[in-house]
Amino acid sequence: MTEHVTSLTTKLDLPILLPDAPGEQDECVERLVQLLEGEEGVIRAHVVASRELSSSASAGARECGGTDVAQLCMHYDPELLTLARITEIAESAGAHLTKRFAHVVIPFHAIGSEDNGRRLESGLRALRGVTNASVNHPGQVARIEYDTRQTNVSLIEQRLRELSNGRSDSEAESAMIPTSGVSGADSKVLVQGDKRSLESMGWYDRNRELAWSIVAGVLLTAGWLIDSFGNVSARIPLALYIVSYAFGARDNIAHFVADLKKGKFHFNIDFLMVVAAIGAAILGQWVEGALLLFLFSLGHALEHYALGRARQAISALAELAPTRAVVIRDDDGVQRDVEVPIEQVRPGDLVVVKPAGRFPVDGEVADGRSSVNQAPITGESVPVDKALGDTVFAGSVNGEGALVVVVTAAIGDRTLDRVISLVAEAETQKAPTQQFTDRFERVFVPIVLVADLLLIALPPLLGIWPLEQSFYRAMALLIAASPCALALGTPAAVLAGIAQAARRGVLIKGGAYLEALGGIQVLALDKTGTITRGEPEVTNIVPYADTTEDELLRVTASVEQRSQHPLARAILAAALQRKLSVPAAGELEAITGRGIRSSIDGKEVFAGRLLMFEEMADGNTDFIPAEIGTAVREMELAGRSTMVVRRDNAWLGVIGLADVPRDGVAATLQALRRVGIQEIVMLTGDNIGVGRAIGKAVGIDDVRAGMLPEDKVAAIKELTARVKVAMVGDGVNDAPALAHATVGIAMGGAGTAAALETADVALMGDDLSRLPFAIGLSRRARRIIQQNLFIALGVICLLVIATVSGVIGIGPAVVMHEGSTLVVILNALRLLRYAGPEMTTA
């Protein structure tokens, strides 16, 4: 369509229109574009990619320029639509899609080779109503997006059960846990521990592939011994070889036949191995063919056993919280302790947690005192003292005192449940390297098959090798070029990395963020509550004119008592300490980044930064008294935060407050430098004096003060234009800056659902101590992924040359092929032992 000469353009952030879409490549984004382009007056709609535009970006996208957050760019006719109307249309379309389309994450149990993930994906996508499927075969978890009008979770589970050898783990008493941030009322994550699921299965079901492999090996050995040393008919060892073939290739052939029945055919690693074994049999090399299938199946059994270690590290999270709770019940006026299943516990119930017991729920302490080990949830190494009103989390371990807890979140809504569901989703989010290897395999396998056919046909035609020799080398080439190690190297590292992070109180939302975090060069941090305690104290009270200190403090505390800002809490605490009466104030209006406005006894009160009053002055130099300005400057030079107070036309004075750095922040920043962070920047809305004082105390490289939320976003944009930047904040107030950083890191994920949802990485504890571990782990994961790629591609190249030239045959090729696959898995599992850099004060 030709664009109207008077068209206008507007952009809306995609995360606002489609809050649950994982990125601009999501299918819901395409649906949104199609819906909008069907609206009268909309000339064109397209996505402007995040970060920077790729060379393949559309002309429309290039025309509209790049952005750090994916945006929907709409060109519209202003004669037919107003800006308000086009915005309303876009938001309505986004809400419609969010309600209609949902997704589910389902753990499953399926044996077979690693590229069976693509077979499962293909089978799931074929189900009517399924719009997309992503399967992590090493992690044994699938993420399916679907249209709620056409299908449901039960049908999806049934299809996955059919595809994964008749079983999905959700059959084994799975808990239905709502996915945080997932669209649609039907959206769920099926979460439960692998251990519980596998224990409900018999030994054969748990170890079927290993059993087949052992039988294949025993039959192969028996056939070889009889053939070599027995004086019997050749038919007996041949029969044993054939049966060994059947057991070694049983799973591969079952998948192949099932696909053929559905009219499908997959060029995958399983197919290459079976073809190579059949080729060996045609040549009469029954021993080598049986050895190939035996080692191939044994290798996969060992691979799956090794990967099970990483899966168990994640599934162990689901077993942290008890399945039963002791609840105080009122029985005819008599309170009794009753033990009930956790599913029967509701918010508001009183739960008794005995000494050394685990907390079954999230809640607040209603009675008792105790120290609580929160390490399983937050990663904190030291127990935390808990008393009346303090928050506790399911999965934590109580100390020596009994506690009565009022339930704030029962099963399904607990922090632990949110972490488990987000980790399950993270397993299905493929890292960029894995996406590359997937594309590589889809092209590489057909090329290998074509090259193999040429290797069989050309040398005999050209008189180079006889047909039998050429055919044998072609079969060996199939084994040599099979990209098993390439397929497993990255997902195994991602699985292990996410598992280890979750065990240490760090939630990484997917492989893409694990890789991105490992490439961070600059770290930007919010000050209040991140670097500092976030619990400032009143240090200076400077009244103006006839106002007394108590009157200044009383009025300020009155208007601040409804605010949740740390400075407001400090002022209220100071007023209560002086035993001042704090009258109720009128409705509170927050002036973003500047202060607040309220009223007392009909008189308007302003309290906030001097900037707010300078803007009110509108150039009038006499508006702010000189004494007020002088007091503010002196306090700020001394490293104080300041609050100026004015009631109607009367200036009341200035209050100074000071916050102190958290314990251990300086050591944490030193550890960050040791893991490769080149520059640390502090972004604060406070004044430059406070910023510099705090920055000097902890070792900040660059202090940027007096920043409003939009200024923080601009600073992050400026930094990301030249380097990769991670932004650390509380996940709520700093959400815009978190969204624009290369990686957004939220602190205190255990205390707020918002922190878990807004960031790419969440530190479950409310401190920075886990950050060096998280970045160090990510850097180690990147190195291991690169090592695995080098090993996989190096072995493939070496084996291809060696088999085509005839240096090695099928047997050695199988050993090296399976060996390289096990090597990359074991290399990835090293991440499960990563402990992070040493935290020193030197």
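Residues numbered from 1 in each chain as written. Predicted model: local features only at pLDDT ≥ 70, side-chain atom pairs only at ≥ 80, totals over all residues. Heavy atoms only, no water.

### Section: the overall build of the protein
The following threshold applies: Helix numbering and strand numbering both begin at the N terminus, where a helix is a DSSP run of H or I of at least 4 residues and a strand a DSSP run of E of at least 2. A 1.4 Å probe rolled over the protein chains alone gives each residue an accessible area, and that area as a share of the maximum for its type sets the label: buried under 20%, exposed over 50%, partly exposed in between. Should any heavy atoms of two residues lie within 4.5 Å, those residues are considered in contact. Under the convention used here, a 1.4 Å probe and the Shrake-Rupley method define accessible areas, while residue burial counts only the protein chains that appear.
Within the protein, the regular secondary structure consists of 31 helices and 30 strands. Relative to its full complement of 842 residues, the protein shows a buried share of 55%. Restricting to contacts in the protein with at least 6 residues of sequence separation, those with at least 24 account for 69%. Counting every atom, the protein has about 35,800 Å² of accessible surface; 54% of that belongs to carbon and sulfur.

### Thoughts on the packing of helix 18 (residues 484-503) against helix 31 (residues 810-829)
Stated formally: Every axis in this analysis is a line fitted to C-alpha atoms, fitted for helices over the stretch in contact. Angles between the N-to-C directions lie between 0 and 180 degrees. Just so you know how the angles are binned, under 35 degrees is roughly parallel, over 145 roughly antiparallel, 65 to 115 roughly perpendicular, and the rest oblique. Crossing handedness is read from the near helix: turned anticlockwise from the far helix by less than a right angle, it gives a left-handed crossing, and turned clockwise, a right-handed one.
Two elements in contact, helix 18 and helix 31, have axes separated by 8 Å at closest approach and are oriented at 15°. In terms of axis orientation, helix 18 runs roughly parallel to helix 31. Crossing of helix 18 against helix 31: the hand is right-handed. Contacts between helix 18 and helix 31 involve C484, A485, L488, G489, A492, A493 and A496 on the former and, on the latter, H817, S820, T821, V824, I825, A828 and L829.

### Remarks on the sheet that holds strand 15 (residues 391-392)
Keep this limit in mind: By definition, two strands form a pair when at least two bridges between them are found by DSSP.
If you walk across this open sheet you meet the six strands as 10-9-11-17-12-15, and the pairing is antiparallel. On the outer flanks of this sheet lie strand 10 (334-341) and strand 15, each paired with one strand and no other.

### Looking at the nonpolar core
Where we set the bar: As used here, the term nonpolar core means buried Ala, Val, Leu, Ile, Met, Phe, Trp, Tyr and Cys residues forming a set that is joined through side-chain atoms within 4.5 Å.
One finds I745 and L771 to be the most contacted residues of the largest nonpolar core, which totals 76 residues. With 12 residues, the top contributor of residues to this core is helix 18. One finds M273, L455, A476 and I479 within the second-largest nonpolar core, a separate group that totals 45 residues.

### Some thoughts on unusual backbone geometry
Positive phi is not limited to glycine here, since A356 has a value of about 70°. Topologically, A356 is positioned in the loop between strand 11 (350-353) and strand 12 (362-367). Accessibility expressed as a relative area gives 61% for A356, which makes it exposed. The residue D648 is not glycine, and still its phi comes out positive at about 50°. One can find D648 in the loop between strand 24 (641-647) and strand 25 (650-658).

### A short note on the confidence of the model for the protein
Short version of the rule: Within a predicted model, pLDDT stands for the predictor's per-residue confidence, ranging from 0 to 100.
Of the residues in the protein, 86% reach a pLDDT of 70 or more, and the chain-wide mean stands at 81. Across residues 50-63, where pLDDT falls below 50, the model places 26 contacts with residues more than four positions away in sequence or in other chains. Counting interchain partners and residues more than four positions distant, the pLDDT-below-50 stretch residues 166-198 has 107 contacts.

### Looking at the environment of K509
Locating K509 in the fold gives a position in the loop between strand 18 (506-508) and helix 19 (511-517). Here K509 falls in the buried class, since its relative accessible area comes to 14%.

### Here we look at the pairing of strand 11
The sheet contact formed by strand 9 (residues 324-331) and strand 11 spans two bridges and is antiparallel. Each residue of the ladder has a partner; that of V326, found in strand 11, is V352. Across four bridges, strand 11 lies against strand 17 (residues 403-409) in antiparallel orientation. Bridge assignment links V353 to a residue of strand 17, and that residue is L403.

### Some details on helix 23 (residues 610-617)
As a reminder of what qualifies: Directions drawn from the helix axis to the C-beta atoms are what define this arc.
Of all the residues in helix 23, the buried ones are L610, M612, F613 and A617. The arc enclosing the buried residues of helix 23, seen along the axis, measures out at 155°, which places them on a common side. Positive phi appears at D618, one or two residues downstream of helix 23, with a value of about 50°.

### Overview of the pattern of salt bridges
Using the following cut-off: We define a salt bridge as a contact between a side-chain nitrogen of Lys or Arg and a carboxyl oxygen of Asp or Glu at a distance within 4 Å.
Summed over all chains, the structure comprises 19 salt bridges. A salt bridge links E339 to R324, with the nearest nitrogen and oxygen atoms 2.9 Å apart. With a gap of 15 residues between them, E339 in strand 10 and R324 in strand 9 connect regions that are remote in the sequence. Exposure remark for R324: the relative accessible area of 39% places this residue in the partly exposed category. With a closest N to O distance of 2.4 Å, E589 and R597 form a salt bridge. The class of E589 is partly exposed, set by a relative accessible area of 35%. Overlapping salt bridges bring together E679, D702, R704, E718 and R722 as one network.

### So, the packing of aromatic side chains
Put simply, the rule reads: Only Phe, Tyr and Trp rings are paired, with Trp represented by its six-membered ring, and only when their centres lie within 6.5 Å; those with planes under 30 degrees apart are stacked, over 60 edge-to-face, the remainder tilted. Sitting over a ring, as applied to charges here, requires NZ of Lys or CZ of Arg to be within 6 Å of the ring centre and within 35 degrees of the ring normal.
Per the stated rule, a full pass over the model turns up seven aromatic pairs. A network of ring pairs unites the aromatic residues F436, F440 and F444 as a single cluster. Note that R473 overlies the ring of W465, its terminal NZ or CZ placed 4.2 Å from the centroid. R504 extends its terminal NZ or CZ atom over the ring of F773, reaching a point 4.7 Å from the ring centre.

### Overview of the side chain of N788
For clarity, the cut-off: By the criterion applied in these results, polar contacts are pairs of N or O atoms within 3.5 Å in which, for protein atoms, one can donate a hydrogen and the other can accept it, and in which residues neighboring in sequence qualify only through two side-chain atoms.
Within the fold, N788 resides in helix 30 (residues 771-804). For N788, a relative accessible area of 1% puts it in the buried group. A polar contact is formed between the side chain of N788 and the backbone oxygen of G489, at a distance of 3.1 Å. Once you skip the residues sitting within four places of it in the chain, N788 turns out to touch G489, V824, N827 and A828.

### Quick look at helix 16 (residues 432-462)
The cut-off we apply is this: Helices are assigned an expected span. That span is 1.5 Å times one less than the residue count. Two axes define the bend at a residue: one fitted to the seven residues ending there, one fitted to the seven starting there, and the bend is the angle between them.
Along its 31 residues, helix 16 runs 43 Å from first to last C-alpha, staying within 8% of the 45 Å computed at 1.5 Å per residue. The sharpest bend along helix 16 comes to roughly 25°, located at L455, with the proline P459 sitting one to four residues further on. At the C-terminal side of helix 16, G463 shows a positive phi close to 75°.

### Remarks on the pairing of strand 22 (residues 595-600)
Summarising the sheet, strand 21 (residues 589-591) and strand 22 pair through three bridges and their orientation is antiparallel. Across the sheet, A590 pairs through a bridge with I596, a residue of strand 22. Joining the antiparallel neighbours strand 21 and strand 22 is a turn of three residues, in which G593 adopts a positive phi near 75°. Pairing between strand 22 and strand 23 (residues 603-608): six bridges, direction antiparallel. Looking at strand 23, one finds that I596 is bridged to A607. Here strand 22 folds back onto strand 23, and the loop between the two strands holds two residues, one of which, D601, carries a positive phi near 55°.

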